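Take a look at the letters that make up each chain.
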Amino acid sequence: MENKLHNALNALKKECLRITPEKPGFANEHAAEIRFAGPAYAESGDKAPICSGCGKPLSFVFQFKTEQDAKLKLSGALHVVYYCFDCVPIGRPDDEKGQWLIKSYSEASAGKFVGGTGVNPLFKPCLCSMQKVFVLPDYETIENDYPEVAALCEELDPEDPVSVYEEEGLEVGCEMEPFTRVNGYPAWIQGQGTQVCPLCKHDMEFFAQVDSESAVDLMWGDAGCLYIFRCPKHPEQLAIEMQCF
Ligand SMILES: [Zn+2]
Ligand SMILES: [Zn+2]
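Turning next to the overall build of the protein. Along the protein, the regular secondary structure elements total four helices and ten strands. Here the C-alpha radius of gyration of the protein, 19 Å, is about what a compact globule of 245 residues would show, namely 18 Å. Expressed along its principal axes, the backbone C-alpha trace of the protein runs to roughly 60 × 40 × 35 Å. Counting over 245 residues, the protein shows a buried share of 38%. Here the analysis covers contacts within the protein between residues at least 6 apart in sequence; of these, 69% occur between residues at least 24 apart.

So this is what it looks like as structure tokens:
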């Protein structure tokens, strides 16, 4: 039984990029890197994005890239995440548009960086360390999407299948705690979220999650998390969902 669970989790685990805010501060040479807060990456001609809800500038929160080689050298588009902490959009279909923004730059580079939009003085700018790690879906997702795996955990310990799952997850080399990540599986706070592509109406895929980070003084509601989705067919279509306790 345990062997069966071991194999099932090995087959299910996915690699993600774990991002940890580490070095406080900002310098222009790091403008196009993965980082939190401070001045957003911007190029000549960019204007500071304004919230459509309250008319104040949106706060720059986080920027990330998704493609990386074995040495974690990053390539591909840079995605720059802005959010209004006064209007607090949570990603419902009826949310007013323009209370958050993800701007993508296909060829961002420190040399093209200008200005400093989106600075929110409440947040501490931080550079990040990155690590490739494996993750699994949270247990609620297992119950919904992989009932055969949940059944194995329940057979091993009907009283506490969640602990069985978490321990076996560690055994197969996965990180079982929530953290800021790109790709992999999301760690939901209020259960599985879905976002639909406005162009093709298909479900979007999980892309990244930005946790509350004490090093940045970043808090989503009450110790919440921002989830970012992307349409597999229309990679320029991104969506958010915010969940908190
Ligand atoms: Zn606003
Ligand atoms: Zn689409």
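Alright, that's what it looks like, and here's the rest.
Here we come to unusual backbone geometry. One non-glycine residue, alanine 37, lies in the positive phi region at around 55 degrees. By secondary structure assignment, the location of alanine 37 is in the loop between strand S2 (35-36) and strand S3 (59-68). We note that valine 88 has phi near 50 degrees; this positive angle belongs to a residue other than glycine. Tracing the backbone through its elements, the reader meets valine 88 in the loop between strand S4 (74-83) and strand S5 (100-105).

Moving on to the nonpolar core. One finds Val61, Tyr82 and Ile228 to be the most contacted residues of the largest nonpolar core, which totals 62 residues. Residues from two domains meet in this core; each of domain 1 (2-12 + 134-171) and domain 2 (14-133 + 178-243) gives at least three. Once residues lying within four places of it in the same chain are set aside, the contact partners of valine 61 are Phe36, Ala37, Val81, Tyr82, Tyr83, Val210 and Leu218.

Taking burial as the measure, the six residues of strand S9 (residues 225-230) include six buried ones, the bulk of the element. Neither face of S9 is exposed, since Cys225, Tyr227 and Phe229 on one face and Leu226, Ile228 and Arg230 on the opposite face are all buried. Judged from the six bridges that link them, strand S8 (residues 205-211) and S9 form a sheet pairing that is antiparallel. Among the inter-strand pairings, glutamine 209 is bridged to a residue of S9, identified as tyrosine 227. Note: S9 against strand S10 (residues 238-243), six bridges, orientation antiparallel. Of the residues in S10, the one forming a bridge with leucine 226 is methionine 242.

Right, let's talk about the domain arrangement of the protein for a bit. With domains assigned, the protein is organised as domain 1 (2-12 + 134-171) and domain 2 (14-133 + 178-243). With centres defined by C-alpha atoms, the gap from domain 1 to domain 2 works out at 30 Å. Contacts between the two partners involve eight residues from domain 1, matched on the other side by eleven residues from domain 2. Put simply, the parts of the chain that give the side of domain 1 that touches domain 2 at least two residues each are strand S6 (126-135) and helix H2 (139-145). Counting residues per element, the side of domain 1 that touches domain 2 draws most heavily on H2, which supplies three residues. Here the side of domain 1 that touches domain 2 is built from residues that sort into four nonpolar, two polar and two charged.

Moving on: the environment of glutamate 155. Of note, glutamate 155 is situated in helix H3 (residues 147-156). Separated by 153 residues in the primary sequence, glutamate 155 and glutamate 2 place their C-alpha atoms 9.6 Å from one another.

For the rest of this paragraph, the subject is the packing of H3 against helix H4 (residues 161-171). Interaxial distance between H3 and H4 falls to 8 Å at its minimum, and their mutual angle equals 110 degrees. Here H3 lies roughly perpendicular to H4, going by the angle between them. For the pair H3 and H4, contact is made by Ala150, Cys153, Glu154 and Leu156 and by Pro161, Val164 and Tyr165, respectively. Residue classes in the contact of H3 with H4 are distributed as six nonpolar, no polar and one charged.

With that settled, consider the environment of cysteine 197. In this structure, cysteine 197 sits in the loop between strand S7 (181-182) and S8. Along the backbone, cysteine 197 and glutamine 237 are 40 residues apart, and their C-alpha atoms lie at a distance of 6.8 Å. Those residues within four positions of cysteine 197 in sequence are excluded, and the remaining contacts are His202, Met204, Cys231, His234 and Gln237.

Reading guide: rules and limits
- Residues numbered from 1 in each chain as written.
- Chains lettered and ligands numbered in written order.
- Predicted model: local features only at pLDDT ≥ 70, side-chain atom pairs only at ≥ 80, totals over all residues.
- Helix = DSSP H or I, 4+ residues; strand = E, 2+ residues; numbered from the N terminus.
- Rg over C-alpha atoms; globule rule 2.2 N^0.38 Å.
- Buried ≥ 20, exposed ≤ 12 C-beta atoms within 10 Å, placed from the backbone.
- Contact = placed C-beta atoms within 7 Å.
- Core = buried A, V, L, I, M, F, W, Y, C linked by C-beta atoms within 7 Å.
- Domains from an automatic or database assignment.
- Pairing = 2+ DSSP bridges.
- Nonpolar A, V, L, I, M, F, W, Y, C, P; charged D, E, K, R; others polar.
- Axes fitted to C-alpha atoms, helices over the stretch in contact; angles between N-to-C directions.
- Parallel < 35°, antiparallel > 145°, perpendicular 65-115°, else oblique.

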